[in-house]
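Each chain, written out:
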Amino acid sequence: MASANVQPSSVAGIKTSFLATLSRGQGPKVGFLAEYDALPGIGHACGHNLIGVASSAAAIALAKGFSNFSGTISVVGCPAEEGGGGKILLAKKGVFHKLDCAMMAHPDCKTEVIKKMLALIEIDIEFFGRASHAAAEPEKGISALNAAVFSYQEILKMSRILSRDSRVHGIFTHGGSKPNIIPPYAALKYYVRALDMDYARGTIQKIKDISLKEAKKIGAKVKFTLNPLSYEPFHPNYALANIFKRQLKLLNVKNEQSGETERIGSSDVGNVGGLVPTIHPSIKICDNAFCHTIDFAKAALKPRGFQGMIQAASALALTGYELFSNPGHLKKMKAEFLQRKRR
Ligand SMILES: [Zn+2]
């Protein structure tokens, strides 16, 4: 006897999330991540109009096409991927703990199955000085902007000697209000990324040390605010990825796999991959445009984007079929997952 359940919103207290499950006895609990979000000004430049639909379509195709399956098919509505960390919040509330594995596919300019992703920590640095008339009494002021500029320069020097897999990128979010006022307040925002979370944390500490030192030199004060939603590094499950790869071959979709750490960013799917075996393959929808550009947003709306979405949904559904058909797959995936955890 099958039981279907749809929680249309407010999963784990997130209004824009949902959870749909179809259960039929004992067996693998297969999760499809319907990720959605958009980017300010450039809309679906990350192709989320295709991602969420591909995962949902895969689950529907699997449930309808394989009505004898034994286990559970879930679609998890994962909002706010572009910095909002929807999956981190869902993970904290135990939504993914109920799954044996999770999968989704992301549109791209290349089809690649195995890609790692970088941990990401966000930090805001606020500098506090003292205002004064910039022409009449400059000596009475303490420029928070100078403290921020000196810190930025030293952080830039430091970032050049970090490991090749690290990224440190910062911007000025506040630099004063008028040139004739010595700025009493200035602020920087940084993203720090690395393949290893401890390395990223170590870099954050270096940034803090530099900012404190530079501020102290001119008598300014500093305040640090860390975004509590850190993105974990993503490690794909190779056993699950190999099943997905075979389905691509079956569908005549060319796999253009390059290095596992080439052209990578960060995603909150890393926080899922740390809990259950997970894959996040890329499916080609265009030739050259890269995510987060207007050209990619256009590609995501074209017939080729739609075709990529169908390929993604088909490969995901067929991967689910393999998991239900052969319980040995799950054992292998879990063994690999636990071995990596121990490392
Ligand atoms: Zn994106």
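What counts, and where the lines are drawn
Residues numbered from 1 in each chain as written. Predicted model: local features only at pLDDT ≥ 70, side-chain atom pairs only at ≥ 80, totals over all residues. Heavy atoms only, no water. Domains from an automatic or database assignment. Contact = heavy atoms within 4.5 Å. Buried area = accessible area lost by both parts, 1.4 Å probe. Salt bridge = Lys/Arg side-chain N within 4 Å of Asp/Glu carboxyl O. Polar contact = N/O pair within 3.5 Å; in protein donor to acceptor, adjacent residues only side chain to side chain. Nonpolar A, V, L, I, M, F, W, Y, C, P; charged D, E, K, R; others polar. Donors = N, O, S within 2.8 Å, 3.2 Å for Na, K, Ca; no water. Tetrahedral: all angles 85-135°; square planar, octahedral: opposite > 155°, others 65-115°. Helix = DSSP H or I, 4+ residues; strand = E, 2+ residues; numbered from the N terminus. Pairing = 2+ DSSP bridges. Axes fitted to C-alpha atoms, helices over the stretch in contact; angles between N-to-C directions. Expected span 1.5 Å × (residues − 1). Buried < 20%, exposed > 50% of the residue type's maximum accessible area, 1.4 Å probe, protein only. Arc of directions from axis to C-beta. Parallel < 35°, antiparallel > 145°, perpendicular 65-115°, else oblique. Core = buried A, V, L, I, M, F, W, Y, C linked by side-chain atoms within 4.5 Å. Left-handed = near helix turned anticlockwise from the far one by under 90°.

### A closer look at the domain arrangement of the protein chain
Under the domain assignment, the protein chain is made up of domain 1 (3-116 + 233-342) and domain 2 (119-226). For domain 1 versus domain 2, the separation of C-alpha centres amounts to 37 Å. Listed by partner, the interface residues are 7 residues for domain 1 and 5 residues for domain 2. When the buried area of domain 1 at its contact with domain 2 is split by residue, Pro 233, Thr 261 and Ser 266 rank highest and sum to 72% of it. At the boundary of domain 1 and domain 2, one finds 0 salt bridges. In this assembly, domain 1 and domain 2 are joined by 1 residue pair in polar contact (both at pLDDT 80 or more). Classifying every residue of the side of domain 1 that touches domain 2 gives 2 nonpolar, 4 polar and 1 charged.

### Topic: the coordination of the zinc ion
Taken together, the protein donors to the zinc ion comprise Cys 46 (SG), Glu 82 (OE), Glu 82 (OE) and His 292 (NE2), at separations of 2.1 to 2.6 Å. Considering all 4 donor atoms around the zinc ion, angles at the metal cover 53 to 145° and the coordination shape is irregular. Each donor residue of the zinc ion belongs to the same chain, with the gaps between them written as C-x35-E-x209-H. Here the residue Glu 82 occupies a position in the loop between β4 (71-79) and α2 (86-92), and His 292 occupies one in the loop between β12 (282-284) and α7 (294-299), the gap between them amounting to 210 residues.

### So, the sheet that holds strand β7 (residues 119-128)
Strand pairing within a sheet occurs via backbone hydrogen bonds; the two strands may be parallel or antiparallel. Strand order in the open sheet formed by 4 strands is β8-β9-β7-β10, with antiparallel pairing between adjacent strands. With partners counted over all chains shown, the strands left at the sheet margins are β8 (167-174) and β10 (221-226), one partner each. Strand after strand, the sheet turns through a mean of 20° between neighbouring axes, direction not considered. Bridge count between β8 and strand β9 (residues 185-194): 7 bridges; the pairing is antiparallel. The residue of β9 that forms the bridge with Arg 167 is Arg 193. On top of the sheet, helix α3 (residues 144-159) reaches β7, β8 and β9; it is set at about 15° to β9, its chief contact. Packing against the sheet, helix α4 (residues 197-218) makes contact with β7, β8, β9 and β10, and its axis sits at approximately 10° to β7.

### Describing helix α9 (residues 328-342)
Compared with the 21 Å implied by 1.5 Å per residue over 15 residues, the 21 Å span of α9 between its first and last C-alpha is a close match. When α9 is considered as a whole, its buried residues turn out to be His 329, Leu 330, Met 333 and Phe 337. For α9, the angular spread of the buried residues around the axis is 95°, confining them to a single face. Counted as exposed and oriented over 90 degrees from the buried face of α9: Lys 331, Lys 332 and Arg 342. Summarising the contacts, the buried residues of α9 are in contact with β5 (101-103), α5 (238-250), α6 (270-273) and α8 (303-325).

### As for the packing of α5 against α9
Interhelical geometry of α5 versus α9 gives an angle of 135° and a closest axis separation of 7 Å. By the criterion of interaxial angle, the relationship of α5 to α9 is oblique. Mapping the contact onto sequence places Tyr 238, Ala 239, Leu 240, Ile 243 and Arg 246 in α5 and His 329, Lys 332, Met 333 and Glu 336 in α9. Across the contact of α5 with α9, the residue classes tally to 5 nonpolar, 1 polar and 3 charged.

### Quick look at the nonpolar core
Within the largest apolar cluster, 44 residues are counted, with the highest numbers of intra-cluster contacts made by Phe 32, Phe 244, Leu 323 and Met 333. Every element with two or more residues in this core is listed here: β3 (29-36), α1 (48-65), β4, β5, α5, α7, α8 and α9. Examining the composition of this core, we find that 8 residues originate from one element, α8, more than from any other. Beyond its immediate stretch of four places on either side in the chain, Met 333 contacts Cys 101, Asn 237, Ala 239, Leu 240, Ile 243, Pro 277 and Leu 323.

### A closer look at the packing of α3 against α4
At a minimum axis distance of 9 Å, the contact between α3 and α4 shows a crossing angle of 140°. The orientation of α3 with respect to α4, classified from their angle, is oblique. The handedness of the crossing between α3 and α4 comes out as right-handed. Judged by residue contacts, Asn 146, Ala 147, Phe 150, Ser 151, Glu 154, Ile 155 and Met 158 of α3 engage Thr 203, Lys 206, Ile 207, Ile 210, Ser 211, Glu 214, Ala 215 and Ile 218 from α4. Looking at the contact of α3 with α4, its residues break down into 8 nonpolar, 4 polar and 3 charged.

### Quick word on the pairing of β3
Buried residues dominate β3, accounting for 6 of its 8 residues. In this structure, β3 lies alongside β4, joined through 8 bridges in parallel fashion. Bridge pairing in β4 links Tyr 36 to Pro 79. Pairing of β3 with β5, which is carried by 3 bridges, proceeds in the parallel orientation. The residue bridging Phe 32 from the neighbouring strand is Met 103, located in β5.

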